[in-house]
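# Architecture at a glance
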Amino acid sequence: MLRELTTAPKVVGAKQVRRSLESGKARTVFLAADADPNVTGPIAALCEEKGVAIVTDCSMKELGAACGISVPAAVAALING
């Protein structure tokens, strides 16, 4: 599933993911298992509210690499683009 982040339209970071969820553009959200729960918790709650699938089987390092950035990432989302 992480492989799809390398080529599909995406957003990275809590603020951008929150915006994509609120606007209805997010279709799958990735939450790093080792990320701060204060960051991922509100995103997970919003995903449940909006009915968006959540993937949690990755680390921050893996998520950042899959997104093509050189730093770890706590959250990312595939968007309808």
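Note that the coordinates shown come from a computational prediction; the quantities given were computed from them, not determined experimentally.

### Observations concerning the overall build of the chain
Secondary structure summary: the chain contains three helices and four strands in total. Shown N-terminal to C-terminal, the secondary structure of the chain runs as helices and strands in the order β-α-β-α-β-α-β. Its C-alpha atoms give the chain a radius of gyration of 11 Å, within 12% of the compact-globule value 12 Å for 81 residues. Its C-alpha atoms give the chain principal-axis dimensions of about 30 × 30 × 20 Å. Looking at the 81 residues of the chain, the share that counts as buried comes to 40%. Of the contacts made within the chain by residues no fewer than 6 positions apart, 77% connect residues no fewer than 24 positions apart. Counting only carbon and sulfur atoms, one obtains 51% of the accessible surface of the chain, whose full area is about 4500 Å².

### A look at the side chain of Thr-28
Along the chain, the position of Thr-28 falls in strand E2 (residues 26-31). Ignoring any residue separated from it by four or fewer positions in sequence, one finds Thr-28 in contact with Met-1, Val-52, Ala-53, Val-55, Ala-76, Ala-77 and Leu-78.

### Some remarks on the nonpolar core
Counting residues in hydrophobic clusters, the biggest one holds 28 residues, and the most contacted among them are Leu-5, Val-17, Leu-21, Val-29, Ile-43 and Leu-63. For this core, the elements supplying multiple residues, two or more each, are helix H1 (14-22), E2, helix H2 (37-50), helix H3 (60-66) and strand E4 (75-79). A per-element tally of this core places E4 first, with five residues.

### Side note on the pairing of E4
Sheet faces and side chains relate simply in a regular strand, where the side chains alternate between the two faces. E4 sits mainly inside the fold: five of its five residues count as buried. The alternating pattern of E4 places Val-75, Ala-77 and Ile-79 and Ala-76 and Leu-78 on opposite faces, both of which are buried. Sheet topology note: the strand E1 (residues 10-12)/E4 ladder contains three bridges and is antiparallel. Bridge pairing links Lys-10 to Leu-78 in E4. With five bridges joining them, E2 and E4 adopt antiparallel strand pairing. What sits directly across from Val-29, in E4, is Ala-77.

Thresholds applied
Note on numbering: residues in each chain are counted from 1, in written sequence order. A pLDDT threshold of at least 70 governs which residues receive local features in this predicted model, and a stricter bar of 80 or more applies before side-chain atom pairs are shown or counted, although totals over entire chains, interfaces and linings include all residues. Calculation of side-chain values draws on the structure's entire complement of heavy atoms; hydrogens and water are dropped beforehand. Secondary structure is summarised from DSSP: a helix means a run of H or I of at least four residues, a strand means a run of E of at least two, and numbering begins at the N terminus for each. Two things to know: the radius of gyration comes from C-alpha atoms, and the globule rule equals 2.2 Å times the number of residues to the power 0.38. The buried label applies to any residue whose accessible area, calculated with a 1.4 Å probe on protein chains only, is under 20% of its type's maximum; exposed applies above 50%, and partly exposed to all values in between. Residue contacts follow a heavy-atom distance rule, with two residues in contact if any of their heavy atoms lie within 4.5 Å. In short, Shrake-Rupley with a 1.4 Å probe defines the accessible areas, and a residue's cover is counted only from the protein chains shown. Grouping buried Ala, Val, Leu, Ile, Met, Phe, Trp, Tyr and Cys residues that are joined through side-chain atoms within 4.5 Å yields what is termed a nonpolar core. If DSSP finds at least two bridges between two strands, the strands pair.

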